[in-house]
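This is what each chain is made of:
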Amino acid sequence: METVAINTPLGIAQITGDANGIKQISVIDEGEVSSEIPSVLQNAVTQLNDYFQGKRTHFDFKLNPKGTEFQQKVWQALLEIPYGKTCSYMDLSKKLGDVKAIRAVASANGKNPLWIVVPCHRVIGTDGSLTGYAGGLWCKKWLLEHESPSGQQTLF
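Predicted, not measured: the structure shown is a model, and the values here were computed from it.

A. Structural view of the pairing of strand E1 (residues 2-8). Note that E1 and strand E2 (residues 11-18) share seven bridges and pair antiparallel. Paired with Asn7 across the strands is Ile12, a residue of E2. Remark: two residues form the turn of the hairpin made by E1 and E2, two consecutive strands paired antiparallel.

B. Region of the structure containing helix H4 (residues 102-110). The complete set of buried residues in H4 reads Val105, Ala108 and Asn109. Seen along its axis, H4 keeps its buried residues to an arc of 105°; they face one direction. Among the exposed residues of H4, those oriented more than 90 degrees off its buried face are Arg103 and Gly110. Those residues of H4 that are buried are in contact with helix H2 (69-79), helix H3 (89-95) and strand E5 (123-124).

Here is what the cut-offs are and how they apply
Residues numbered from 1 in each chain as written. Predicted model: local features only at pLDDT ≥ 70, side-chain atom pairs only at ≥ 80, totals over all residues. Heavy atoms only, no water. Pairing = 2+ DSSP bridges. Helix = DSSP H or I, 4+ residues; strand = E, 2+ residues; numbered from the N terminus. Buried < 20%, exposed > 50% of the residue type's maximum accessible area, 1.4 Å probe, protein only. Arc of directions from axis to C-beta. Contact = heavy atoms within 4.5 Å.

Here it is as C-alpha cells:
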C-alpha cells in the first residue's frame, strides 16, 4: 500500500492505494506534503489537482474502498450524483429502494473513505440545508460553491 500527501485549498489530502485502486482519500490535520509521488498514485494526484484547478468534473482512476455491502451501494449511488448538482438524503434513500433507510444512508455517507471523488458533499438536507460533513460544513460549502455551474458568489 502506497501513501502520498498533497496540498489542496482545503488542507493536506492523504491518498492511499495500490495497483488494485485508491483505498482512501482524506484530509489530515497535520503532516507534510510528499516530495515524491508513487507511480501507482500519480493518476489520482493529477486528477485531484485538476479538480481543484477547475479543469476536471469527474474522476476515472480505479477505486478500491473497503466497506460493507450496504456502504458500497450507497457510495456507488453517490458516484451517480452529477458534478454541480445535489440531492437529499431522502432522495438517496428512495433511489436505493427504502425511504426508511435514511439514517443508514446518512451513516454510510459519513463513512465514505474517498473524499471528493465519491461526492458525499453533494448530499444535503431535504429542506436544502447543509447538513453534517466529516470535513466540516465550511468545507462542504466550499466544495459546493467550487462545483456551482452558476458561478455565483455563494450558495448558502
